[in-house]
Each structure stands twice: as C-alpha cells, then as structure tokens.
Amino acid sequence: MRANTWAGRNKVEVRDVPDPTILNSRDAIVRVTSTAICGSDLHLVDGYVPTMQDGDIMGHEFMGEVVEVGPGVDPGKLRVGDRVVVPFPIACGACGACAAELYSCCENSNPNAGIAEKMFGHPVAGIFGYSHLTGGYAGGQAQYARVPFADVGPLKIESDLTDEQVLFLSDILPTGYMGAEMCDIQPTDVVAVWGAGPVGQLAMDSARALGAAQVIAIDKEPYRLAMAERAGYTTINFDEVDVRSRLLELTGGRGPEKCIDAVGLEATHGSAHINAYDRVKQAVRSETERPHALRQAILSCRSGGVVSVIGVYGGLMDKFPAGAWMNRSLTLRTGQCHVHRYMKPLLGLIERGEIDPTRIITHRMSLEEAPRAFEIFKHKQDDCEKVILTP
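Residues numbered from 1 in each chain as written. Predicted model: local features only at pLDDT ≥ 70, side-chain atom pairs only at ≥ 80, totals over all residues. Heavy atoms only, no water.

Peer 1: Is there a simple way to explain the UniProt feature "domain: Alcohol dehydrogenase-like N-terminal" (unreviewed entry) in the chain in this structure?
Peer 2: Mapped onto the present numbering, the UniProt feature "domain: Alcohol dehydrogenase-like N-terminal" (unreviewed entry) falls at residues 26-155. Along residues 26-155 one finds 15% helix and 23% strand; the C-alpha atoms at either end are 15 Å apart. (UniProt positions renumbered as here; feature names shortened; annotations may be inferred. Helix = DSSP H or I, 4+ residues; strand = E, 2+ residues; numbered from the N terminus.)

Peer 1: What's the story with the nonpolar core in this structure? I'm lost.
Peer 2: Most often, soluble globular proteins keep nonpolar side chains buried together rather than apart. Counting 73 residues, the largest nonpolar core has F168 and L169 as its most contacted members. Tallying contributions element by element places helix α12 (residues 339-351) first for this core, with 7 residues. Not counting the four nearest positions on each side in its chain, F168 is found in contact with A36, E61, L173, P174, P357, I360, I361, K386 and I388. (Core = buried A, V, L, I, M, F, W, Y, C linked by side-chain atoms within 4.5 Å. Buried < 20%, exposed > 50% of the residue type's maximum accessible area, 1.4 Å probe, protein only. Contact = heavy atoms within 4.5 Å.)

Peer 1: Explain the pattern of salt bridges to me, please; I cannot follow it from the model alone.
Peer 2: Working definition: two side chains of opposite charge can pair if their charged atoms are close together. According to the stated counting rule, one finds 23 salt bridges in the structure shown. We note a salt bridge from K386 to E61, for which the minimum N-O separation is 2.9 Å. With K386 in the loop between α13 (370-378) and β17 (387-390) and E61 in the loop between α1 (39-45) and β4 (62-69), the pair connects residues that are 325 residues apart, well separated along the chain. Residue class for K386 comes out buried when judged on its relative accessible area of 0%. Here the salt bridges do not stand alone but share partners, grouping K11, E13, R15 and D54 into one network. (Salt bridge = Lys/Arg side-chain N within 4 Å of Asp/Glu carboxyl O.)

Peer 1: What's the story with the sheet that holds strand β14 (residues 306-309) in this structure? I'm lost.
Peer 2: The strands making up a sheet associate through hydrogen bonds between their backbones, and the pairing can be parallel or antiparallel. Pairing within the open sheet is parallel, and its 6 strands lie in the order β12-β11-β10-β13-β14-β15. In this open sheet, the two edge strands, each paired with only one partner strand, are β12 (234-237) and β15 (331-334). Strand-to-strand twist of the sheet, defined as the mean angle between neighbouring strand axes without regard to direction, takes the value 20 degrees. Bridging between strand β11 (residues 214-219) and β12 involves 4 bridges; their strand directions are parallel. Across the sheet, I218 pairs through a bridge with I236, a residue of β12. (Pairing = 2+ DSSP bridges. Axes fitted to C-alpha atoms, helices over the stretch in contact; angles between N-to-C directions.)

Peer 1: Any chance you could explain the packing of helix α5 (residues 172-181) against α12 here in plain terms?
Peer 2: For any two helices packed against each other, the geometry comes down to the angle between their axes and how far apart the axes lie. Axis separation between α5 and α12 bottoms out at 9 Å; the angle between their running directions is 100 degrees. Here α5 is positioned roughly perpendicular relative to α12, judged by the angle of their axes. In this structure, α5 contributes L173, P174, Y177, M178 and E181 to the contact, and α12 contributes V339, R341, Y342, L346, L349 and I350. Taken together, the residues of the contact of α5 with α12 break down into 9 nonpolar, no polar and 2 charged. (Parallel < 35°, antiparallel > 145°, perpendicular 65-115°, else oblique. Nonpolar A, V, L, I, M, F, W, Y, C, P; charged D, E, K, R; others polar.)

Peer 1: Just checking my understanding: could you explain unusual backbone geometry for this structure?
Peer 2: When glycine is set aside, most residues are seen to have a negative phi, and most peptide bonds are trans. The phi dihedral of N10 is positive, around 65 degrees, even though this residue is not glycine. By secondary structure assignment, the location of N10 is in the loop between β1 (2-6) and β2 (12-16). Its identity as a non-glycine residue notwithstanding, S329 has a phi of 55 degrees, on the positive side.

Peer 1: What is the right way to read the packing of aromatic side chains from this model?
Peer 2: Pairs of aromatic rings are described using the distance from one ring centre to the other and the angle between the two planes. Overall, the coordinates contain 4 aromatic pairs when judged by the stated rule. Here a set of aromatic residues connected by ring pairs shows up, and it is made of F62, F128 and Y137. (Phe/Tyr/Trp six-rings, centres within 6.5 Å; stacked < 30°, edge-to-face > 60°.)

Peer 1: Sorry if this is basic, but what is going on with the UniProt feature "domain: Alcohol dehydrogenase-like C-terminal" (unreviewed entry) in the chain here?
Peer 2: Under the UniProt annotation, the feature "domain: Alcohol dehydrogenase-like C-terminal" (unreviewed entry) is placed at residues 198-268. Its end C-alpha atoms 17 Å apart, residues 198-268 is made of 41% helix and 20% strand.

Peer 1: Explain the domain arrangement of the chain here, please?
Peer 2: Reports of interface size often rely on the accessible area that becomes lost once the parts have come together. By the assigned domains, the chain splits into domain 1 (2-171 + 337-390) and domain 2 (175-334). Taken together, the 28 residues of domain 1 in the interface contact 26 residues of domain 2. The three residues of domain 1 that bury the most area against domain 2 are Y48, R359 and E385, which together make up 31% of that side's buried surface. Between domain 1 and domain 2 we count 3 salt bridges in total. In this structure, the salt-bridge partner of E385 is R224, at a minimum N-O distance of 3.5 Å. Of all the elements in the fold, those that place two or more residues in the side of domain 1 that touches domain 2 are α1, α3 (113-120) and α12. For the side of domain 1 that touches domain 2, the element with the most residues is α12, which contributes 4 residues. Taken together, the residues that form the side of domain 1 that touches domain 2 break down as 14 nonpolar, 5 polar and 9 charged. (Domains from an automatic or database assignment. Buried area = accessible area lost by both parts, 1.4 Å probe.)

Next comes the structure, spelled out in structure tokens:
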C-alpha cells in the first residue's frame, strides 16, 4: 500500500509499505477514505518529539471502512463494512484510566510505556502515527491502517454525513471541545483563545456552544483572524498590539475569566527579542517548548480564572510564571484529549447543525501530494488552515 512516512527532520515521503495485518484478536483493519494533517504532526517533522524512525507512517486523524476484524472483536460492536471514525489515542477500555474516561492516559495501549515513563513520570496511551514514545503505531496517512482495541475506539457513522463533516471527531473537534469544557464556562464569561489554527477555531466554536458571552481569537495570521471574525469572534493580532493590554481593554481591566492555549510548543511572540530568546533555546535543546502563549495566557487571565491547555507540550520550558499561577488563584487544566468520551455527543452537535467543522477546511489533496501538503500547511502558504488528504 501507499503511505506517507517520516523520512528525517523536515522531510516526509510517500512510499510503498507492507499492508497492515491483524496482530491481535481485537484488531481491525480500516481502509482509509479520508485523513488529515494535524498541527502536532509538525512537531514530529520539525524534530521536537523524539523517537521517530525513518519509515514511520504519519497521521492520527483518519476514518474509513472496516475491511477485516479479529476474532476477539464483538460483532455487535464492529463488523466488516462499518464506516468509522478512529480516535487518535488508543485505549483498552478496561484499565483504571479508561474506567475514569481518561482515555489518553490508558495504562495498557502503549507497548513502549517505559520510554514515556522516563519522559513524563508515568506512561501515556498509545497514539497512532506519533513516535515510538507513544507506542510506535503506524498512522492513518495511508491506504489502510491497523486499529487495536477496535471494539473500544472507532465510532460508527450510520448517517449520510460526509467524511468532511465527521473526520475531525478523530482529534481536533474533541480536543477543542475539551479545551472549552475544562473552562467550566458561565454565561457571563469572556473566553480568550490563543491560536486561531484548526484546534483554536474549534475551541472557539465549542466555547460559544457552551454559552460563553464573548470569544476572543488571538493570532498573527490575517487569514486565520479573518476566519475567526467571519465566525463572529473578536480578534487580536499579536504582531500589532500588546495582547495583555488589549485584553484588559476588552474586559474592563480585569482580563478574561477563561483562557485557552491552543498553540503549544512552537509558539511565536510579537516581540522579536522575546521570540528569539526561546527560539534559540529550543534550537539548541536547552528547552523543548516555546511557551509564549502559555505565559501570556497565565499573565492575562483574570484572578481566580481558568487556563485550559490543549496545545501540545512535550518536555521542559523556561521561565514558567509559577508565581502568577499560584498567587492569583488560577486553575490550570490540561490533557491530551480523551477523545472517546466526546465522539458521540459531538456527532450529535454536528447532526443538529450546532457545530460545522467543515468551515476550517481550506485544502483538499491526494495522499500522493502529502509532502507538498505538509509544506503548504507548515509554512502557511495559500492561506492554508486545514488539509484533507484522500488516499
């Protein structure tokens, strides 16, 4: 089969690779009909997430048709021919974390748990196409994918919704929704979202769906801010104004009650010297994160407010504002998304027209064009917000 593979730092290649096979009784094989490039894929390509190997298949956002199931899969839950969306974390459904619906912390799905434990203190779940730190599983930017614990993860789509309407249930829509849900949004709340990329846009939509009084988008890319403005959100360009000062103006000097970091470890800053400081430290590996967005969110958030972090961080950052966090009674809530928990409720929102994930799609390309698609997405060419790949 054909698959998009990691070929070294700043390089991906579409190659011929062996077809996946059933390895465990609860596996399924899915013929991929749609897949996507995620912002966190760039962390792999840029070399900031360790343990990638030449030939690793990329991608953790995919859906398709079940073409084979293992003998241990309950036919009442999954059958050949089912159309499914596959969540990016791999969860067993039986451990303590899964019982608590903390699916991205599954205790059984990461065969390389020892590596993750050294990095994070405790292991995390396996993730499709996301390095050997998270299990070394082949990803979904391919014609076919093996799905472990297939009776737990995949969500059957039994309506006539298009792939584009439901594909993002695999990751970015639940991630954005969880970011908003962790804020405990009240009807009078102002919610500020750092990052108007795909996850940030869907976090804004989710904050509105959960009843926020005002949603503010923070970014520097004009096309991203224009997309947020068209959706009805207030915008701040951090290259043009000081973010904290503008947020104080918009909130009577108090700051937003709820702040969402939808950026993560490759953040940029409007001040050249501040941006250069962390860029150099990250480049020489004296820190793994550029924490501009998180620092700014903590310093901007109203005292007693919530900072919700759904942007991906992988290791260590410099100058974390612990004093502001502790002394102003801020609540910091985080997590890789527990996708399984949100898929069915969010499918309902899509079916009722309360959220339209397709509004963020700007590019549709074939799997064979994946290297070019990565370049367009990474460098924000042609106003690229989200790329869908079709095998």
